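Residue-level listing of the chains:
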Amino acid sequence: MIVNFSADLPSFCAKSPGKTSARSSPAFVLLLLAIWIGAWLPSPSVEGAVARPIATPADRANHGKRVPSISATPERVAINIERGSTEIRWDTGDQSVGFVFVSVNGGKPGLFATASKGSRVLSWIGVGSYVFELCGDAERQTLLAGVTVSGISAPQVSPLTALWQSRAVRWVLGVVVVAVLYVAIYLSAPGAIPKGFRAEPSTSPRQLHVARNLLIGVAVFTCLDGAIFHTGLYTSILAPASYAGRMATLARAEKQRISSGLKEVLVVGDSRIAEGFSAAAADKLGSAARFKFLSLAEPGSSIDIWYYALREVDPAARRYSAIVIPYGYGSEQSHIQLFKISMAAPLLHYSDCFDFPSGFQQWSDRFRAFTACIFRGSALQSDVVDLIEHPIVRAKSIQLGQKRLASRAIYKGRDSDITGTSYDPKTGQITFPPRLTEAQREAIRYSLAPPSQSATHHLMELQRVWIQRILDRYSGSPTAIILMPMPRGPFGGGSQFSLAYGTFFGGIAVHKPILLLPEHTFDFLESPQYYFDGYHLNGKGRQKFTEAVVAELVTRLQSADSTHLASDPE
């Protein structure tokens, strides 16, 4: 199609008496411009800034002194029935340790975070005022910067009004702009000014060629988007701290890694695995049995993204001895959907335009996901804007990419815990120790809120579909597939998160032997001393979880038939 278009383009642009080529050329250019602008209209869910996940220790690296700052995106959070989300970013500017305090509705300030630089996505903002202060000391004697987040009760409007205020206006304006631009160019093109349009356009000397120009514009736009965003040209300069940048960097590093020659076991997952599993510690524990453990876990990811990541780093489906797929209720399921499309964008192909959107519940999100597969630039629009606004900062951050990966490898987990917190599943009563801040308490309350029936059904269906696809992809491969339960949380046994996975796995068609770790394998970790919040293991829990994972996997893999394991990839 591209060859035919290129061959026809000169004759289309050439002037010919009695034809409309003189008008078609500028009209075509304007249509192309209008299509480009329309496709890049910011979507409501990503408007504002580059989507960035929770900071890791690698993000704390800072070069050059800057003005201390702390910001919230957004500062005004609309609250409906559920709680809202905002992202807090801070930077002391000189690599000194910063202390971030938060006070809720004028209450006593509590320590929120300690780091020279970082960011946190908060999903527990309610109606009220939240004051975040960046201080230079733990006693709050030196105030460096501050920001106030306001949780505002969203006004109740009818669905029709809400639709008109959002997407309808965007589409109507887009159609009007295209129509006005086309007619304006048509009337201003060289030649006699027409006094009106004939009833039969086919007999008019001024043929509009609307359909042809529109199709050509779409084709050219698709080719340009493909050349820039589908070839890896732009992927290499993504913001390393963004969701898309982190996933692209992690996948690229693993894809380029030279094989160790050992029996390599790859563990994928979201923030629970990223915080709870240490590949470095696992390597030491499994080295005697000639196992090497690798992690492809990224906060905010989900099982469909893991599938695309596996396809990216293991195109032949024979690289690893085993792949570990976690299952269970995830911590990002409720609010991370906003950034899921941008995270998956570097991994998507044109052929994913139907499978990938199926992982979303809302039809508007499915349309955005479909568009991201065809026009990948639409999913990375905020990253492009950030690059244009801060090119020097982007260049410096890309240079620090390898240091971030190195910091990730030596990360040992968080030091804090929530010891002293208790939960009664019968009454729903939660008791907190005095040392916990209001922000920590709100986060724990949020983690203990049972998911809705629709959310649970969607999650189980998502896992069923994509686990099946992973099994199908490796059905003819010697790579072993291991299904491992997620650690459920400090109160997992009574938090109503336990899902009927016995029945769930019974509906999956298995074309090769798989290893299934029982749902209660890691129940011994369900204690507040092993967690720094309601979802994630701390440093102590990280060590115990890693030890238990290695012991389970090494024992089971050694007892499996070695001829079914790919110990020497490719």
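Residues numbered from 1 in each chain as written. Predicted model: local features only at pLDDT ≥ 70, side-chain atom pairs only at ≥ 80, totals over all residues. Heavy atoms only, no water.

**Re helix 15 (residues 453-473)**
For step 1, the next point in the chain: Over its 21 residues, helix 15 extends 30 Å from the first C-alpha to the last, a length consistent with the 30 Å expected when each residue adds 1.5 Å.
For step 2, the next point in the chain: Residues of helix 15 that are buried: Thr 456, His 458, Leu 459, Met 460, Leu 462, Gln 463, Trp 466, Ile 467, Gln 468, Ile 470, Leu 471 and Arg 473. (Helix = DSSP H or I, 4+ residues; strand = E, 2+ residues; numbered from the N terminus. Expected span 1.5 Å × (residues − 1). Buried < 20%, exposed > 50% of the residue type's maximum accessible area, 1.4 Å probe, protein only.)

**Here we look at the confidence of the model for the protein chain**
For step 1, the next point in the chain: On average, the protein chain scores 76 in pLDDT, and the residues at 70 or more come to 72%.
For step 2, the next point in the chain: Helix 8 (residues 303-313) holds the highest mean pLDDT among the elements of the protein chain, 95, whereas helix 1 (residues 2-13) holds the lowest, 35.
For step 3, the next point in the chain: For the stretch residues 54-64, pLDDT sits under 50, and the model shows 31 contacts to residues farther than four places along the chain or on other chains.
For step 4, the next point in the chain: Note that pLDDT drops below 50 for residues 156-166; the model gives that stretch three contacts with residues more than four away or on any other chain. (pLDDT = per-residue confidence, 0-100. Contact = heavy atoms within 4.5 Å.)

**Brief notes about the pairing of strand 7 (residues 128-135)**
For step 1, the next point in the chain: Taken across its eight residues, strand 7 has six buried, putting it largely inside the fold.
For step 2, the next point in the chain: Relative to strand 8 (residues 143-153), strand 7 is paired through eight bridges, and the arrangement is antiparallel. Residue pairing in the sheet places Gly 128 in a bridge with Gly 151 of strand 8. (Pairing = 2+ DSSP bridges.)

**A look at the pairing of strand 14 (residues 480-485)**
For step 1, the next point in the chain: Taken across its six residues, strand 14 has six buried, putting it largely inside the fold.
For step 2, the next point in the chain: Direction of pairing for strand 11 (residues 322-327) relative to strand 14: parallel, over a ladder of six bridges. Bridge pairing in strand 14 places Ile 325 opposite Leu 483.
For step 3, the next point in the chain: As paired strands, strand 14 and strand 15 (residues 515-516) are joined by two bridges and run parallel to one another. Among the inter-strand pairings, Ile 482 is bridged to a residue of strand 15, identified as Leu 515.

**Topic: the packing of helix 8 against helix 15**
For step 1, the next point in the chain: Contact geometry for helix 8 and helix 15: axes closest at 9 Å, N-to-C directions at 15°. Overall, the two elements helix 8 and helix 15 adopt an arrangement that is roughly parallel. The two elements helix 8 and helix 15 meet at a crossing, and its hand is left-handed. For the pair helix 8 and helix 15, the contacting residues are Ile 303, Asp 304, Tyr 307, Tyr 308, Leu 310 and Arg 311 in the first and Leu 462, Gln 463, Trp 466, Ile 467, Arg 469, Ile 470 and Arg 473 in the second. (Axes fitted to C-alpha atoms, helices over the stretch in contact; angles between N-to-C directions. Parallel < 35°, antiparallel > 145°, perpendicular 65-115°, else oblique. Left-handed = near helix turned anticlockwise from the far one by under 90°.)

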